[in-house]
Amino acid sequence: MLDARILQQLTEIVGSENIAATPQDLICYGYDATQMEFLPDCVVHPDGSEEVSRILKLANQEGFPVFPRGAGSGFTGGALPKGGGVVLVTTRMNRILRIDTDNLVAEVEPGVVTETFQMAVEKLGLFYPPDPASLKFSTLGGNVAECAGGPRAVKYGVTKDFVMGLEVVLPTGEVIRTGGETVKGVVGYDLTKLICGSEGTLGVITKIIFKLLPYPDAKKTMLTVFDSIDGAARAVSTIIKNKIIPTTLEFMDHATLTCVERRFNLGLPDSGRAVLLIEVDGDRELIEKQAGQIHKLIEPLGLVQFRVAKDAAESEELWRVRRLVSPSLRDVNPDKFNEDIVVPRSKVPDVIRRIEVIQKRYDIPIVNFGHAGDGNIHVNIMIDKRVPGELEKAHEAIKEVFQAALDLGGTMSGEHGVGLAKQPYIPMELSADQVAAMKAIKAALDPKNILNPGKMLPV
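Residues numbered from 1 in each chain as written. Predicted model: local features only at pLDDT ≥ 70, side-chain atom pairs only at ≥ 80, totals over all residues. Heavy atoms only, no water.

### A closer look at the overall build of the chain
Next, step 1: A tally of regular secondary structure across the chain gives 16 helices and 18 strands.
Next, step 2: Principal-axis analysis of the C-alpha atoms gives the chain an extent of 70 × 60 × 40 Å.
Next, step 3: For the chain, with 459 residues in total, the buried portion stands at 55%.
Next, step 4: Of the contacts formed within the chain by residues at least 6 apart in sequence, a portion of 73% connects residues at least 24 apart.
Next, step 5: Of the roughly 19,900 Å² of accessible surface on the chain, 53% is carried by carbon and sulfur atoms.
Next, step 6: Side chains of the chain carry 51 positive and 60 negative charges; the gap between the two charge centres is 3 Å. (Helix = DSSP H or I, 4+ residues; strand = E, 2+ residues; numbered from the N terminus. Buried < 20%, exposed > 50% of the residue type's maximum accessible area, 1.4 Å probe, protein only. Contact = heavy atoms within 4.5 Å. Areas by Shrake-Rupley, 256 points an atom, 1.4 Å probe, with all protein chains shown as cover. Lys, Arg positive; Asp, Glu negative; His and termini not counted. Charge placed at Lys NZ, Arg CZ, Asp CG, Glu CD.)

### Here we look at the sheet that holds strand S17 (residues 366–371)
Next, step 1: Pairing in this open sheet of seven strands is antiparallel, and the strands run S15-S12-S14-S13-S17-S18-S16 from one edge to the other. In this open sheet, the two strands that pair with only one neighbour each are strand S15 (303–308) and strand S16 (335–342). Strand after strand, the sheet turns through a mean of 15° between neighbouring axes, direction not considered.
Next, step 2: Bridge count between strand S13 (residues 248–253) and S17: three bridges; the pairing is antiparallel. Looking at the pairing, Glu250 lines up with His371 of S17.
Next, step 3: Packed on one face of the sheet, helix H9 (residues 254–264) meets S13, strand S14 (274–282) and S17 and runs near 80° to S13.
Next, step 4: Running over the sheet, helix H14 (residues 390–407) touches S16 and strand S18 (376–383) and is turned about 10° from S16. (Pairing = 2+ DSSP bridges. Axes fitted to C-alpha atoms, helices over the stretch in contact; angles between N-to-C directions.)

### Thoughts on helix H11 (residues 312–323)
Next, step 1: Spanning 12 residues, H11 covers 16 Å between terminal C-alpha atoms, matching the ideal 16 Å at 1.5 Å per step.
Next, step 2: Among all positions of H11, only Ser315, Leu318, Trp319, Val321 and Arg322 are buried. Seen along its axis, H11 keeps its buried residues to an arc of 130°; they face one direction.
Next, step 3: Regarding H11, its N-cap is Asp311, as a side-chain oxygen of that residue lies 3.2 Å from the backbone nitrogen of Ala313 further along. (Expected span 1.5 Å × (residues − 1). Arc of directions from axis to C-beta. Polar contact = N/O pair within 3.5 Å; in protein donor to acceptor, adjacent residues only side chain to side chain.)

### Let's talk about the UniProt feature "domain: FAD-binding PCMH-type" (unreviewed entry) in the chain
Next, step 1: Residues annotated in UniProt with the feature "domain: FAD-binding PCMH-type" (unreviewed entry) correspond here to residues 36–215.
Next, step 2: In the segment residues 36–215, helix accounts for 22% and strand for 24%; the C-alpha atoms at its two ends are 39 Å apart. (UniProt positions renumbered as here; feature names shortened; annotations may be inferred.)

### Side note on the packing of helix H13 (residues 348–362) against H14
Next, step 1: Where H13 contacts H14, the two axes come as close as 10 Å, and the packing angle between them is 160°. One element, H13, and the other, H14, form an angle in the roughly antiparallel class. Crossing of H13 over H14 shows right-handed handedness. For the pair H13 and H14, the contacting residues are Val351, Arg354, Ile355, Ile358, Arg361 and Tyr362 in the first and Lys393, Glu396, Ala397, Glu400, Val401, Gln403, Ala404, Ala405 and Asp407 in the second.
Next, step 2: Partitioned by chemical class, the residues of the contact of H13 with H14 number eight nonpolar, one polar and six charged. (Parallel < 35°, antiparallel > 145°, perpendicular 65-115°, else oblique. Left-handed = near helix turned anticlockwise from the far one by under 90°. Nonpolar A, V, L, I, M, F, W, Y, C, P; charged D, E, K, R; others polar.)

### Notes on the domain arrangement of the chain
When the parts of a complex come together, some accessible area is lost, and that lost area is often used as the size of the interface.
Next, step 1: As far as domains go, the chain holds domain 1 (4–89), domain 2 (96–214), domain 3 (217–332) and domain 4 (334–419).
Next, step 2: Centre-to-centre separation of domain 2 and domain 4, based on C-alpha positions: 29 Å.
Next, step 3: Listed as interface residues are nine residues of domain 2 and, on the opposing side, eight residues of domain 4.
Next, step 4: Summed over both sides, the interface of domain 2 with domain 4 buries roughly 540 Å², with 43% coming from carbon and sulfur.
Next, step 5: Linking domain 2 with domain 4 are zero salt bridges.
Next, step 6: For the pair domain 2 and domain 4, the number of links is three residue pairs in polar contact (both at pLDDT 80 or more).
Next, step 7: Grouping the constituent residues of the side of domain 2 that touches domain 4 by class yields five nonpolar, two polar and two charged. (Domains from an automatic or database assignment. Buried area = accessible area lost by both parts, 1.4 Å probe. Salt bridge = Lys/Arg side-chain N within 4 Å of Asp/Glu carboxyl O.)

### What to know about the packing of aromatic side chains
Given two aromatic rings, one states the distance between the centres and the angle between the planes to describe the pair.
Next, step 1: For the structure shown, the criterion picks out seven aromatic pairs.
Next, step 2: Centroid distance Phe127 to Tyr156: 5.3 Å. Interplanar angle 85°. Geometry classified as edge-to-face. Within this pair, whereas Phe127 is found in strand S7 (residues 126–127), its partner Tyr156 is found in helix H6 (residues 153–156), the two being separated by 29 residues in sequence. Summarising the burial analysis for this pair, Phe127 and Tyr156 share the class buried. (Phe/Tyr/Trp six-rings, centres within 6.5 Å; stacked < 30°, edge-to-face > 60°.)

### Things to note about a nonpolar patch on the surface
Next, step 1: A surface patch of nonpolar side chains, about 400 Å² in accessible area, is lined by Tyr189, Leu191, Leu194 and Ile441.
Next, step 2: On the accessibility criterion, Tyr189 (77% relative accessible area) is exposed. (Patch = residues over 30% accessible without salt bridge, like charges linked within 9 Å, V, L, I, M, F, W, Y side chains within 5 Å.)

### Some thoughts on the layout of surface pockets
Next, step 1: Put simply, the second largest pocket is a space of about 1,100 Å³.
Next, step 2: Looking at the second largest pocket, it is lined by 45 residues, and the ones nearest its centre are Gly197, Ser198, Glu199, Val418 and Met456.
Next, step 3: Of all the secondary-structure elements, those providing two or more residues to the lining of the second largest pocket are helix H7 (191–195), helix H15 (426–429) and helix H16 (432–445).
Next, step 4: In terms of residue count, the dominant contributor to the lining of the second largest pocket is H16 (five residues). (1 Å grid on protein atoms, 1.4 Å probe; cavity = no way out; pocket = protein on both sides within 12 Å on 5 of 7 lines; lining within 4 Å. Points joined across faces, edges and corners; volume = space filled by probe spheres on them.)

### Looking at the sheet that holds strand S4 (residues 86–89)
Next, step 1: Taken in spatial order, the four strands make up an open sheet running S1-S2-S4-S3, and their pairing is mixed. On the outer flanks of this sheet lie strand S1 (19–20) and strand S3 (66–69), each paired with one strand and no other.
Next, step 2: Two strands pair when backbone bridges link them, and S3 and S4 are joined in this way by four bridges, in the parallel orientation. Residue pairing for S4: Phe67 is matched across the bridge by Val87.
Next, step 3: Sheet strands in contact with helix H3 (residues 49–62) are strand S2 (42–44), S3 and S4, and its direction is about 155° off that of S3.

### Examining empty space enclosed by the protein
Next, step 1: If you walk through the whole model with that rule in mind, you get one cavity of 30 Å³ or more.
Next, step 2: Of the volumes computed, that of the largest cavity is approximately 30 Å³.
Next, step 3: Taken together, Ala232, Ala233, Val236, Phe251, Leu276, Arg345, Val348 and Ala372 make up the lining of the largest cavity.
Next, step 4: Counting residues per element, the lining of the largest cavity draws most heavily on helix H8 (residues 229–241), which supplies three residues.
Next, step 5: Of the residues assigned to the lining of the largest cavity, the class counts are seven nonpolar, no polar and one charged.

Here's what the structure looks like:
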């Protein structure tokens, strides 16, 4: 509990209209997309690096924790104030500062919503590819802190591949700039890459410089249905082996198709056991040629349906199958654990088979979909917490799913991060020496451990 003196100093920094400490306000900032909840003592909405710096200096002086937060859309509890403290919300810093069409860069504040930024650059014929599922409400600062991905990562990469520079307030209050606006730059350590994906534990991002691309001339969307998971997986490898890199290669397994079809009756064939939603973009003539090549390449692999969108409206209709997945899952069970393992894309069928064994062992539904092009599978363990023993079974199943990914040369998380949810499993993937090196970096930048304490690394 913060005393009145500290609350008064925070009020002087951000203004009385930008601080909240009533129970109803605190509840709004005590949860995210996980099913965890921790109430903060206070919520502040600073505007700019100077106010953020003053808050962090006060936190070091008085010894209270600070938890940075964007839109609160995270899946691992990374922004949750476990143990209480101050939630520092970045959404007031929501300006697109400039878009440089000569050098194809943009400078923004962290509270800009991802889709808002994408639409702004697209008006100028430019392209910002990272597209997390939460893009309509997640913020760019949160995307950088978590190193968000999305379907287009298979061709364009993830958020860190577009971050050229940052303005960051360090945990002790100093304001620094990292990187810059040049494609090349090798002076000193690459602090930009260090901050990307650090989940708000090493600094508060107050400005971001992004690289932009020319907007693709056209795109072509294809919905393909296979009679087996192996056929769909071989299709992914076959397409890429033949030197076609699609913009997206979205995968849905049979359990996912059953959920979507049962609720929305989209007319998917009964013999379908897996779906790939494939999209290519670029020169108009080239993508027409690539669509034809893809059809020819995957036809012998158990293809039972191949639909190509003729225009933007039909493309949206094909994407509807993918977008209806999340609302369909609640029909399976009310409580969901959404994990995001990654394996080499040739190992996708192997990990799906391992997950099927885990599902049978614990007798709980597990639904899989995700980004097959980069091997990033969203494993959804569906339970009813009201049923005695289900929660314990879910945790055991999650541990075995992580082990399956690691056994196949993968990782426990491709884009959700660690936060609180995956923290207990970190020793499964990182060695004691790796953890010690990371803790040394944290201690050097945050000697009093006041910024987002208790996240990522084992406590």
